[in-house]
Amino acid sequence: MNIQNPYRFGTVSSGYILDTYPSKGGYSLRKLITGATVSIRMRRDSDDAETDVLLNDAGTMTLSSFITGGVTTVGTWASTDNCYVTEWYDQVYGTFNATQTTHSEQPQIIAAGVLNLENSLAAIKFGNPTRLNLTAAISPNFSYFAVVKNTSYSIISYLFGYPSSGTATGGTNGTYSSPFTLYGGKQRRGATVRPSGHKLFEWFNDAVYFDDSEDTPYDVSETLLESRFNTIGGRPDIGTLNFQGNCQEIIFYDTNENGGDRQPIHDDISTFYGTT
């Protein structure tokens, strides 16, 4: 069944993407699964107060979304302040919540009262030295989907990180790497393409896609050891190689969805975010 997610266009749907295609975990500013209630926890810069942002039943986070208690809106609470993400909740089981307590390393969601957007939809803004640390390492995984816009593809950057024998998930040498092409898994040697713009990146243990186009040739032989991560936005062992840009959604599976449900999952995500 292919759910073409209609929330962005104001129509009605009877379910959410992960109701139909259950995953190991997922982060988003939209509701991914029935029963999920919160998307992120954010900190207000002026007084360091924190609050959760409640998920909308239809659509993604806006300044009209409600915070804890369901009465005050995000816009009212933030006013003209800057707000930063202290926790990005795993909507599936809550096992892999991603947190950051160091103020200078928290990615931004609101600047001077204005919600950060990508293609008119809410997005978390990462940059050096921001990253989120997972409460539990995610391993192993064989399928990843991520909606991002990279603004630093001319330098090494990591969307995911996990130090292991001097390597980490998510490397790029200014071209692109295997999972998620720009940042997801072991660095892809000899690559020359530099995908930029608002993209849906997909990695499997036997293929890589960006915006529904398969990346070939692709060296699968060294990726399985890299199919784990414990940070979002950078490597924990190299603080200067953090991902720089916007991230809206990450979904991961411990099964290989390539050749299975990859296409309907891709269609749902791509339709919702309008990736190109």
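Up top is the structure these notes are about.
Not measured: the values here are computed from a predicted model. (Residues numbered from 1 in each chain as written. Predicted model: local features only at pLDDT ≥ 70, side-chain atom pairs only at ≥ 80, totals over all residues. Heavy atoms only, no water.)

Asks: So what's going on with the environment of Thr 80? Which residues, and what values?
Replies: Within the secondary structure, Thr 80 is located in the loop between helix H2 (74–78) and strand S4 (83–88). Looking at Thr 80, the relative accessible area reads 63%, which means it is exposed. Put simply, Thr 80 and Gly 113 are 33 residues apart on the chain and 3.9 Å apart in space, counted from C-alpha to C-alpha. The residues contacting Thr 80, other than those within four sequence positions of it, are Ala 112 and Gly 113. (Helix = DSSP H or I, 4+ residues; strand = E, 2+ residues; numbered from the N terminus. Buried < 20%, exposed > 50% of the residue type's maximum accessible area, 1.4 Å probe, protein only. Contact = heavy atoms within 4.5 Å.)

Asks: I'd like a description of unusual backbone geometry, backed by residues and values.
Replies: Here the amide bond leading from Asn 128 into Pro 129 is cis, since omega sits at 5 degrees, within 30 degrees of zero. You can see Pro 129 is positioned in the loop between strand S10 (124–126) and strand S11 (132–138). Positive phi is not limited to glycine here, since Ala 112 has a value of about 50 degrees. Within the secondary structure layout, Ala 112 lies in the loop between strand S6 (108–111) and strand S7 (114–115).

Asks: Report on the nonpolar core, specifying residues and quantitative values.
Replies: When a protein is soluble and globular, its nonpolar side chains tend to lie buried together. Tyr 27, Ile 40, Met 42, Met 61, Trp 88, Ile 109 and Ile 232 are the most contacted members of the largest nonpolar core, which totals 39 residues. When residues no more than four places from it in sequence are discounted, the contact partners of Met 61 are Leu 29, Ile 40, Met 42, Val 53, Asn 56, Val 74, Ile 109, Leu 115 and Ala 122. The next biggest cluster of nonpolar side chains, apart from the first, holds 21 residues, and it includes Ala 36, Val 92, Leu 121 and Ile 269. (Core = buried A, V, L, I, M, F, W, Y, C linked by side-chain atoms within 4.5 Å.)

Asks: Report on the packing of aromatic side chains, specifying residues and quantitative values.
Replies: According to the stated counting rule, one finds 6 aromatic pairs in the structure shown. Plain terms: the ring middles of Phe 96 and Phe 252 are 5.7 Å apart, the flat faces sit at 75 degrees to each other, and that makes the pair edge-to-face. Of this pair, Phe 96 sits in the loop between S4 and strand S5 (98–99) while Phe 252 is found in strand S18 (residues 245–253), placing the two residues 156 residues apart along the sequence. Relative accessible area serves as the criterion here: at 8%, Phe 96 is assigned to the buried category. For Phe 252, a relative accessible area of 0% translates into the label buried. Each ring, one from Phe 126 and one from Phe 243, has its centre 6.1 Å from the other, and the planes form 55 degrees; the classification is tilted. Of this pair, Phe 126 sits in strand S10 while Phe 243 sits in the loop between strand S17 (229–232) and S18, placing them 117 residues apart in sequence. When its relative accessible area of 3% is taken as the criterion, Phe 126 is described as buried. (Phe/Tyr/Trp six-rings, centres within 6.5 Å; stacked < 30°, edge-to-face > 60°.)

Asks: A description of the pattern of salt bridges should follow, citing residues and the corresponding values.
Replies: In total, this model carries 10 salt bridges according to the counting rule given. We note a salt bridge from Lys 31 to Asp 57, for which the minimum N-O separation is 3.3 Å. Here Asp 57 lies in the loop between strand S3 (50–54) and H2 and Lys 31 lies in the loop between strand S1 (25–28) and strand S2 (38–44), a separation of 26 residues in the sequence. Between Arg 41 and Glu 50 there is a salt bridge; the shortest N-O distance is 3.0 Å. A residue is classified by how much of its surface remains accessible, and Arg 41, at 24% relative accessible area, is partly exposed. The class of Glu 50 is partly exposed, set by a relative accessible area of 37%. (Salt bridge = Lys/Arg side-chain N within 4 Å of Asp/Glu carboxyl O.)

Asks: Break down the side chain of Gln 100 for me, with residues and values.
Replies: Note that Gln 100 resides in the loop between S5 and S6. Within the local environment of Gln 100, its side chain forms a polar contact with the side chain of Glu 105, the two groups lying 3.3 Å apart. When near neighbours in sequence (up to four residues on either side) are disregarded, Gln 100 contacts Thr 86, Glu 105, Gln 106, Arg 131, Leu 132 and Asn 133. (Polar contact = N/O pair within 3.5 Å; in protein donor to acceptor, adjacent residues only side chain to side chain.)

Asks: Tell me about helix H3 (residues 262–273), residues and numbers included.
Replies: Taking 1.5 Å per residue as the helical rise, H3 with its 12 residues ought to reach 16 Å, and the 16 Å between its terminal C-alpha atoms agrees with that figure. Within H3, 10 of the 12 residues are buried, leaving the element largely enclosed by the surrounding structure. Downstream of H3 by one or two residues, Gly 274 has phi in the positive range, about 65 degrees. (Expected span 1.5 Å × (residues − 1).)

Asks: Could you give an account of the environment of Phe 160, naming the residues involved and the relevant values?
Replies: In this fold, Phe 160 is placed in strand S13 (residues 160–161). In the structure, Phe 160 is positioned 74 residues away from Gly 234 in sequence and 5.8 Å away in space, judged by C-alpha atoms.

Asks: Got a sec to walk through the pairing of S17? Specific residues and values, please.
Replies: On a regular strand, one side chain projects to one face of the sheet and the next to the other, so that they alternate. Relative to S17, S11 runs antiparallel, the two being bridged by 3 bridges. Across the sheet, the residue bridging to Leu 132 is Ile 232, located in S17. Across 2 bridges, S13 lies against S17 in antiparallel orientation. When the sheet's bridge partners are listed, Gly 161 is paired in S17 with Thr 231. (Pairing = 2+ DSSP bridges.)

Asks: Please give an account of the pairing of S11 that cites residues and values.
Replies: Two strands pair when backbone bridges link them, and S5 and S11 are joined in this way by 2 bridges, in the antiparallel orientation. Paired with Ala 98 across the two strands is Leu 134, which belongs to S11.

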